[in-house]
Amino acid sequence: VYRTGRGSIKVRGVYSYDKSANCIDITQIPPTTTIEAIIEKIIDLVKQGKVREISDVRDETGIDGLKITIDLKRGTNPDLLMAKLFKLTTLEDSYACNFNVLIGGVPMVLGVKDLLEEWIAFRIECVKRRTYYDRTKKADKLHLLKGLEKILLDIDKAIKIVRETDEEIEVVPNLMIGFGIDEIQANFVAEIKLRNINKEYILKQVKATDELEKEIADLDSILKSARKLRNLIIKELQEVAKKYGKPRKTEIV
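Rules of the game
Residues numbered from 1 in each chain as written. Predicted model: local features only at pLDDT ≥ 70, side-chain atom pairs only at ≥ 80, totals over all residues. Heavy atoms only, no water. Patch = residues over 30% accessible without salt bridge, like charges linked within 9 Å, V, L, I, M, F, W, Y side chains within 5 Å. Areas by Shrake-Rupley, 256 points an atom, 1.4 Å probe, with all protein chains shown as cover. Salt bridge = Lys/Arg side-chain N within 4 Å of Asp/Glu carboxyl O. Helix = DSSP H or I, 4+ residues; strand = E, 2+ residues; numbered from the N terminus. Axes fitted to C-alpha atoms, helices over the stretch in contact; angles between N-to-C directions. Parallel < 35°, antiparallel > 145°, perpendicular 65-115°, else oblique. Left-handed = near helix turned anticlockwise from the far one by under 90°. Contact = heavy atoms within 4.5 Å. Nonpolar A, V, L, I, M, F, W, Y, C, P; charged D, E, K, R; others polar. Phe/Tyr/Trp six-rings, centres within 6.5 Å; stacked < 30°, edge-to-face > 60°. Buried < 20%, exposed > 50% of the residue type's maximum accessible area, 1.4 Å probe, protein only. Lys NZ or Arg CZ within 6 Å of the ring centre and 35° of its normal. Pairing = 2+ DSSP bridges. Arc of directions from axis to C-beta.

Engineer: Outline a nonpolar patch on the surface, supporting the account with residue identities and numerical values.
Structural biologist: Judged by side-chain polarity, Leu116, Trp119, Ile120, Phe122 and Leu237 come together as a nonpolar surface patch covering roughly 480 Å² of accessible area. Considering every element that reaches the nonpolar patch, the biggest residue donor is helix α3 (residues 112-152), with 4 residues. Its place among the elements puts tryptophan 119 in helix α3.

Shown next, in the form of structure tokens:
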């Protein structure tokens, strides 16, 4: 089943204003145009009298990259001029985007908006699963530490149970009965070396309990809040862009 989606985005060139030289430097342009086309159009607009704020325009592209320099007449507002040039030249242009993609195993043709919505939904589900996995692992560890905390109440009793139990298979059941802990917690305690069943070791292990409880609460709040999920995705994307991103070629408007 095919669903036809048509989409386009508007893209703008990126510019900066050099106050000391009273000029505008355009350093990035839409992929649908060229430096020559932009300069020719600006010159044509000046000749027609539609743009009177420009005294000169030239291509200064070099080893530092693309650059179109526009010299301004005195008193010109650079932002107002650029707003006019965005309307009258290809410094702002529409870029058609349609993508052939598989959504749930079904081939579709999507535009930009639909594609972004599908990606966001996919990313939210991924982050949910990851968060739930992290939450489960921390909850499992907390459960073990809670059992260890009970051992701390009477370490001598725990040592006595381990030493005086005749058969190894009975150690776990005896710990469960002796301390009111479940089988998972008892197995954890039973696996601790006898020399480590002391107050210092156990206190060191259970020290992480409060922090784990806080982390689990934070993960629960993320799973329950669509806003927090989206903010987490945004934060991670910003971190990726900061670490691996390259300068944008265009400005999406």
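Engineer: Break down the packing of α3 against helix α7 (residues 199-206) for me, with residues and values.
Structural biologist: Viewed as axis vectors pointing N to C, α3 and α7 meet at an angle of 150°, and their least axial separation amounts to 10 Å. Taken together, the axis directions place α3 and α7 in an arrangement best described as roughly antiparallel. With respect to the hand of their crossing, α3 and α7 are arranged in left-handed fashion. Within the contact between the two elements, α3 uses Leu145, Leu148, Glu149, Ile151 and Leu152 and α7 uses Lys199, Ile202, Leu203, Gln205 and Val206. Residue classes in the contact of α3 with α7 are distributed as 7 nonpolar, 1 polar and 2 charged.

Engineer: Break down unusual backbone geometry for me, with residues and values.
Structural biologist: Within the chain, asparagine 22 stands out as a residue other than glycine whose phi angle is a positive 50°. Mapped onto the elements of the fold, asparagine 22 is located in the loop between β2 (14-18) and β3 (23-28).

Engineer: Lay out the packing of aromatic side chains in plain terms, naming residues and giving numbers.
Structural biologist: Counted by the stated rule, this structure contains 1 aromatic pair. Pairing tyrosine 15 with phenylalanine 86 gives two aromatic rings, centres 6.2 Å apart and planes at 55°, and the pair type is tilted. Residue tyrosine 15 is found in strand β2, and its partner phenylalanine 86 is found in helix α2 (residues 78-88); the two are separated by 71 residues along the sequence. The exposure class of tyrosine 15 is partly exposed, given its relative accessible area of 27%. Since its relative accessible area comes to 7%, phenylalanine 86 is described here as buried. Between the NZ or CZ atom of lysine 157 and the centre of the ring of phenylalanine 179, over which it lies, the distance is 5.1 Å.

Engineer: Describe the sheet that holds β3, naming the residues involved and giving the relevant values.
Structural biologist: Pairing is antiparallel in the open sheet, where 4 strands are placed in the order β2-β3-β5-β4. With partners counted over all chains shown, the strands left at the sheet margins are β2 and β4 (54-59), one partner each. In this sheet, neighbouring strand axes are inclined to one another by 20° on average, regardless of whether the strands run parallel or antiparallel. When β3 meets strand β5 (residues 68-72), the two strands line up antiparallel, connected through 4 bridges. Counted as the bridge partner of isoleucine 24 is isoleucine 70 from β5. Packing against the sheet, helix α1 (residues 35-48) makes contact with β4 and β5, and its axis sits at approximately 165° to β4.

Engineer: For the packing of α3 against helix α8 (residues 209-224), give the residues involved together with the corresponding values.
Structural biologist: Across the interface, α3 lies against α8 with an axial gap of 9 Å and an inter-helix angle of 150°. The angle between the axes of α3 and α8 places the two elements in the roughly antiparallel class. Judged by the sense of rotation from one axis to the other, the crossing of α3 with α8 is left-handed. Note on element contacts: α8 touches α3 through Thr209, Leu212, Glu213, Glu215, Ile216, Leu219, Asp220, Ile222 and Leu223, opposite Lys128, Thr131, Tyr132, Asp134, Arg135, Lys138, Ala139, Lys141, Leu142, Leu145, Lys146 and Glu149.

Engineer: Tell me about the environment of tyrosine 201, residues and numbers included.
Structural biologist: Among the structural elements, tyrosine 201 can be located in helix α7. As a C-alpha pair, tyrosine 201 and leucine 152 span 49 residues in sequence and 9.8 Å in three-dimensional space. Not counting residues up to four positions away in its chain, the partners in contact with tyrosine 201 are Ile192 and Asn196.

Engineer: Account for helix α4 (residues 155-164), naming residues and giving values.
Structural biologist: Along α4, the residues that are buried comprise Ile155, Ala158, Ile159 and Ile161. The buried residues of α4 all sit within an arc of 160° when viewed along its axis, so they share a single face. Relative to its buried face, α4 has exposed residues pointing more than 90 degrees away, namely Asp156, Arg163 and Glu164. Against the buried residues of α4 lie α3, α5 (171-179) and α7.

Engineer: Which residues make up the pairing of β3, and what are the values?
Structural biologist: Buried residues dominate β3, accounting for 5 of its 6 residues. Both β2 and β3 contribute to a ladder of 5 bridges, which runs antiparallel. From the neighbouring strand, serine 16 faces β3, where its bridge partner is aspartate 25. Between β2 and β3, which pair antiparallel one after the other, the connecting turn spans 4 residues, and asparagine 22 there sits at a positive phi close to 50°.

So yeah, pure geometry; function would need other evidence.
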